[in-house]
Amino acid sequence: MSELHFSPGLDGVVAGETDIACVDQGVLLYRGYAIEDLAENATFEEAAHLLLYGELPDAAALTAFKQRLDGYRPLAPEVVDALRLIPKAVPMMDVLRTAVSMTGHFDPVSDTADLRERSVWLTAQIASIIAARYRLLNGQEPLNAKPGLSHAAQLLYQANGQEPDELHARLLDLTLVLYAEHEFNASTFTARVICSTLSDLVSAVVGAIGALKGPLHGGANEAAMEMLTQFKTAAEASAWIKDALAHKRKVMGFGHRVYKHGDHRARILERELRKLAASLGAHEWMAIYDAIKEPMVNDKKIYPNLDYPCGLTYYLLGLPLDLYTPLFVAARVTGWCAHFMEQAANNRIYRPLSRYTGPPARPVPARAK
Ligand SMILES: CC(C)(COP(=O)(O)OP(=O)(O)OC[C@H]1O[C@@H](n2cnc3c(N)ncnc32)[C@H](O)[C@@H]1OP(=O)(O)O)[C@@H](O)C(=O)NCCC(=O)NCCS
């Protein structure tokens, strides 16, 4: 068996073909559009339409898409009851995993084969689940959606009970665009593997949520901010990073399997983060952010990924830490669903090989009578 090539973590292995996204010379493209272009010129709904339907919507298609999202926002009462029953201390990602599974039992489009429609439904439901759980944790009842708001503004409205200001809605929207898709990352691959067995869309999204939760993947936005909140000053952050590097500790929000010279999405968001911090007078936060970043980039040549600026952006927007990775889910569900549809349309079950490292063949010992 030793002649089989083994690549730990499937590093460098092409595990499938996709039309949905690629990283071309360090630039992420969603269906051919550069992420920088989309970040400047498209909303999350437009990016979601692009991923799910293959093209950016025209004005009429966008209106129809938003109306369908709004139509799918209400949660089944049973799902809200389940959200009440889950103990308060359960992390939001675990709640989301359970609630998405639960909402699958009340899927109004499950009896049709229309995977695209079910994807729109799941996108709407996930935002409503996050907001409803957030309110219940704060002793408030879930709120009905206010049709007509953007997906980002709707999520904030349903969580806080008031329409967000333009800046909050725009920055959340930007992070959702940046998070929506990233080709064969661990959670998307999980969704494709689940699809490849001819399992269903909700199962794939539940599995993908489980994969995204880990701090080496989506959980890094929370982990990065947890790291930053340890420090009161940039000097404290500098001392900490020196020690972390000396002891070869992993620094969350840095590094990437695909981007070895920097994550373009992180640079896009960091520009906006700097403006946000300046407008809030949050200079010390940016100094702490830079105190960690500079030695990582200059000494280690390990660059921030999207989760690093995203953690502090969400923090400065006043969002609770426990929501950061669920917000990633709220966006990435569109990428997962697009990949599910693509896999289903041209499927072959995923069944790789392993290299055996256990004992050689041997007989079962005779039992002592
Ligand atoms: C993203 C990540 C999982 C990629 O993993 P990978 O492609 O397997 O890369 P490796 O973990 O093998 O890293 C290669 C080298 O860089 C180092 N490195 C990578 N990311 C690092 C980080 N965040 N902090 C410190 N060192 C890091 C590794 O220790 C390793 O060093 P070595 O060759 O001396 O052992 C990894 O960079 C990481 O754990 N980052 C932190 C978590 C994170 O931010 N995840 C979000 C990803 S979008």
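Please refer to the structure placed before this passage.
Counting restarts for each chain, with residues numbered from 1 along the sequence as it is written. The predicted nature of this model means local features are confined to residues of pLDDT at least 70 and side-chain atom pairs, given and counted, to a pLDDT of 80 or more, with totals for whole chains, interfaces and linings taken over all residues.

So, the overall build of the protein chain
Broken down by element type, the protein chain carries 16 helices and 3 strands. In this treatment the radius of gyration is a C-alpha quantity, and the globule benchmark scales as 2.2 Å times the residue count to the 0.38 power. Against the compact-globule benchmark of 21 Å for 369 residues, the protein chain has a radius of gyration of 22 Å, which places it among compact chains. With respect to the principal axes defined by its C-alpha atoms, the protein chain has extents near 70 × 55 × 50 Å. Put plainly, a residue is buried at 20 or more neighbouring C-beta atoms within 10 Å of its own, exposed at 12 or fewer, and partly exposed in between, counting only other residues' C-beta atoms, which are placed from the backbone. A burial count over the protein chain gives 44% of its 369 residues as buried. Once local pairs closer than 6 in sequence are excluded, the contacts in the protein chain between residues at least 24 apart make up 76%. Per the convention used, a helix needs a DSSP run of H or I reaching at least four residues, while a strand needs a run of E reaching at least two, with both numbered from the N terminus. Here, residue contact means that the backbone-derived C-beta atoms of the two residues sit within 7 Å.

Quick notes on the pairing of strand S1 (residues 21–24)
DSSP calls a pair of strands paired once it identifies at least 2 bridges connecting them. Direction of pairing for S1 relative to strand S2 (residues 27–30): antiparallel, over a ladder of 4 bridges. Directly across from Ala21, in S2, lies its bridge partner Tyr30. The antiparallel pairing of S1 with S2 creates a hairpin that spans 2 residues between the two strands, and Gln25 there sits at a positive phi of about 50°.

Quick look at the packing of helix H13 (residues 264–280) against helix H15 (residues 307–316)
Helix axes are fitted only over the stretch in contact, all axes being lines through C-alpha atoms; the angle between N-to-C directions runs from 0 to 180 degrees. Put simply, H13 and H15 touch, their axes get as near as 9 Å, and they point 30° apart. The angle between H13 and H15 places the two elements in the roughly parallel class. You can see that H13 and H15 cross each other, and the crossing is left-handed. Residue-level inspection shows Ala266, Leu269, Glu270, Leu273, Leu276, Ala277 and Leu280 of H13 in contact with H15, the latter providing Tyr308, Pro309, Cys310, Leu312, Thr313 and Leu316. Amino acid classes used here: Ala, Val, Leu, Ile, Met, Phe, Trp, Tyr, Cys and Pro are nonpolar; Asp, Glu, Lys and Arg are charged; the rest, including Gly, are polar. Classifying every residue of the contact of H13 with H15 gives 11 nonpolar, 1 polar and 1 charged. Orientation categories follow fixed angle ranges, with anything under 35 degrees roughly parallel, anything over 145 roughly antiparallel, 65 to 115 roughly perpendicular, and all other angles oblique. Left-handed describes a crossing whose near helix is turned anticlockwise from the far helix through less than a right angle; right-handed describes the clockwise counterpart.

With respect to the site of the ligand
Using a C-beta atom placed from the backbone, a residue is scored as near a molecule or strand whenever that atom is within 6 Å of it. The full set close to the ligand counts 15 residues, and Ala220, Val251, Phe254, Gly255 and Arg257 are the nearest of them. When the residues that make up the shell around the ligand are grouped by side-chain class, the tally is 6 nonpolar, 6 polar and 3 charged.

Let's talk about the packing of helix H5 (residues 92–103) against helix H10 (residues 201–212)
At a closest axis distance of 9 Å, the pairing of H5 and H10 adopts a crossing angle of 175°. Comparing their axes, H10 and H5 come out roughly antiparallel. Counted together, Met93, Leu96, Arg97, Val100 and Ser101 of H5 and Val202, Val205, Val206, Ile209 and Gly210 of H10 form the full contact between these two elements. In the contact of H5 with H10, the residues fall into 7 nonpolar, 2 polar and 1 charged.

Notes on helix H9 (residues 186–196)
Among the 11 residues in H9, 8 count as buried, and that is most of the element. Taken as a whole, H9 has its buried residues at Ser187, Thr188, Thr190, Ala191, Arg192, Val193, Ile194 and Cys195. Turning to H9, the residues buried within the fold contact H10 and helix H16 (324–345). Phi turns positive, to about 70°, at Leu198, one or two residues after H9.

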